[in-house]
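# Architecture and fold: a report
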Amino acid sequence: MAETSFNQKVASIKDNLRRVETRIAHAAERAGRARQDVQLVAVTKLVPLEVIQAGIEAGLRSFGENYPEQAAEKIAALQTDIDLTWHMIGHIQSRKTNTVCEYFDWVHSVDRIKIAKYLDRYALENERVMPILIEVNLSGEDSKFGWKAWDENNWLDLVPQFEKIAQMPNLEIRGLMCMPPLFDDPELTRPYYQRLGRLQGFLKEELPEISWRELSIGTSFDYEVAVEEGATMVRLGTSLFGPRPAR
Ligand SMILES: *Cc1c(COP(=O)(O)O)cnc(C)c1O
């Protein structure tokens, strides 16, 4: 990327970031929450390396990626001294867990026991403890990953499974993640986030020794609603970088 176009990209990301920051701050204020309690994760799936570099220049420090191998290539190629945090937010195939453990600082998308087991094993090999979020499916859609949590009457069934993960020595549960259904109106995602809040309350009661503090919810489409409903991590791609190239 030529220098002028790089600088233009930095300026445009800075503009977007200012807009996003204002909207997060206002949403937090409306909910009586502190702005510092909401972390911005910049989603860079399919975003080229130069644009990530522009994002770093614009002040971004936390990034989210969906595809382990593409992410690993980008992370390895970045070669920066700036301290960055990488969040795995996409569905993980078991044969990719080693790559995930090697390159990522957080995993939001732990959606089954098998993946937790693999992550635990590779975290041990990499001599680290991996902070994770449990991904839940709150809508019952087949297209969504995550533990089946749409029926509140079945929440008790989840407890022993999460307990099992909590006992894995190289994983540390920090909270919950979910993707609501797609709507035309962001307001329609609110009931799902409220359900997630109730699940968080339920798990705090049932498994009080685990930290359920983090809620990774909200994309470019609905992050203000998510912040109003308790998001501690919003995952924003399009609103920072513009439309993504097709996969
Ligand atoms: C792509 C993606 C996002 C970001 O979506 P935008 O609409 O671009 O903000 C957030 N979360 C997950 C899990 C994603 O796959």
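The structure under discussion appears in the preceding block.
What comes next concerns the included structure. All figures in this text were calculated on a predicted structure; none of them were measured in a lab.

## Focus: the site of the ligand
- Close to the ligand lie V43, K45, N66, I89, M179, T219, S220, R235, L236, G237, T238 and R244, which account for all nearby residues.
- Between the ligand and T238 there is a distance of 2.5 Å, counted from an oxygen atom to a side-chain nitrogen or oxygen.
- In isolation the ligand exposes 390 Å². Once the protein is present, 88% of that is buried.
- Among the residues making up the shell around the ligand, the classes are represented as 4 nonpolar, 5 polar and 3 charged.

## With respect to the packing of aromatic side chains
- Tallied over the full model, the rule gives 5 aromatic pairs.
- Arranged with centres 5.1 Å apart and planes meeting at 25°, the rings of F63 and W86 form a pair that is stacked. Pair noted here: F63 is in strand β2 (residues 62-65) and W86 is in strand β3 (residues 85-88), with a separation of 23 residues, a long-range link.
- When its relative accessible area of 0% is taken as the criterion, F63 is described as buried.
- Here the aromatic rings of W147 and F162 are separated by 5.2 Å at their centres, their planes lie at 85°, and the arrangement is edge-to-face. One end of the pair, W147, is in strand β6 (residues 147-148); the other, F162, is in helix α6 (residues 155-166), and 15 residues separate them in sequence.
- The class of W147 is buried, set by a relative accessible area of 6%.
- Given the relative accessible area of 0%, F162 is considered buried.
- Members of the aromatic cluster, connected to one another through ring pairs, are W147, F162 and W212.
- The ring of Y122 has R121 lying over it, and the distance from NZ or CZ to the ring centre is 5.1 Å.

## Focus on the packing of α6 against helix α7 (residues 190-206)
- Look at α6 against α7: their axes get within 11 Å of each other, and the N-to-C directions meet at 55°. The angle between α6 and α7 places the two elements in the oblique class. For the crossing formed where α6 meets α7, the hand is right-handed. Contacts between α6 and α7 involve W155, L156, L158, V159 and F162 from the first element and R195, R198, L199, F202, L203 and E206 from the second.

## Some thoughts on the pairing of strand β7 (residues 171-177)
- Counting buried positions along β7 yields 5 of 7 residues, so the element is predominantly enclosed.
- Relative to β7, strand β5 (residues 130-137) runs parallel, the two sharing 6 bridges. The residue of β7 that forms the bridge with L133 is G175.
- The sheet contact formed by β7 and strand β8 (residues 214-216) spans 3 bridges and is parallel. Bridging across to β8, G175 finds its partner in E214.
- In terms of handedness, the path from β7 via α7 over to β8 forms a crossover that is right-handed.

## Things to note about the environment of N126
- Looking at the secondary structure, you find N126 in the loop between α5 (113-125) and β5.
- For the pair formed by N126 and S5, sequence separation is 121 residues and the distance between their alpha carbons is 39 Å.
- The contacts of N126, once residues within four sequence positions are left out, are N98, C101 and E102.

## So, the nonpolar core
- One finds V136 and I165 to be the most contacted residues of the largest nonpolar core, which totals 71 residues.
- Take this core: its biggest share by element is 7 residues, from helix α1 (residues 3-30).
- Setting aside its immediate chain neighbours within four residues, V136 contacts F145, G146, W147, A149, L176, M177, C178, L196 and L199.

## Structural notes on the packing of helix α2 (residues 49-57) against helix α3 (residues 68-78)
- Two elements in contact, α2 and α3, have axes separated by 10 Å at closest approach and are oriented at 55°. The orientation of α2 relative to α3 falls into the category oblique. Along this stretch, α2 crosses α3, giving a crossing that reads as right-handed. Along its contact with α2, which presents L49, I52, Q53 and I56, the element α3 presents K74, A77 and L78.
- The class makeup of the residues in the contact of α2 with α3 is 5 nonpolar, 1 polar and 1 charged.

Rules and cut-offs
Residues numbered from 1 in each chain as written. Predicted model: local features only at pLDDT ≥ 70, side-chain atom pairs only at ≥ 80, totals over all residues. Heavy atoms only, no water. Near = heavy atom within 4 Å. Polar contact = N/O pair within 3.5 Å; in protein donor to acceptor, adjacent residues only side chain to side chain. Areas by Shrake-Rupley, 256 points an atom, 1.4 Å probe, with all protein chains shown as cover. Nonpolar A, V, L, I, M, F, W, Y, C, P; charged D, E, K, R; others polar. Phe/Tyr/Trp six-rings, centres within 6.5 Å; stacked < 30°, edge-to-face > 60°. Helix = DSSP H or I, 4+ residues; strand = E, 2+ residues; numbered from the N terminus. Buried < 20%, exposed > 50% of the residue type's maximum accessible area, 1.4 Å probe, protein only. Lys NZ or Arg CZ within 6 Å of the ring centre and 35° of its normal. Axes fitted to C-alpha atoms, helices over the stretch in contact; angles between N-to-C directions. Parallel < 35°, antiparallel > 145°, perpendicular 65-115°, else oblique. Left-handed = near helix turned anticlockwise from the far one by under 90°. Contact = heavy atoms within 4.5 Å. Pairing = 2+ DSSP bridges. Right-handed = clockwise from strand over helix to strand, strands pointing away. Core = buried A, V, L, I, M, F, W, Y, C linked by side-chain atoms within 4.5 Å.

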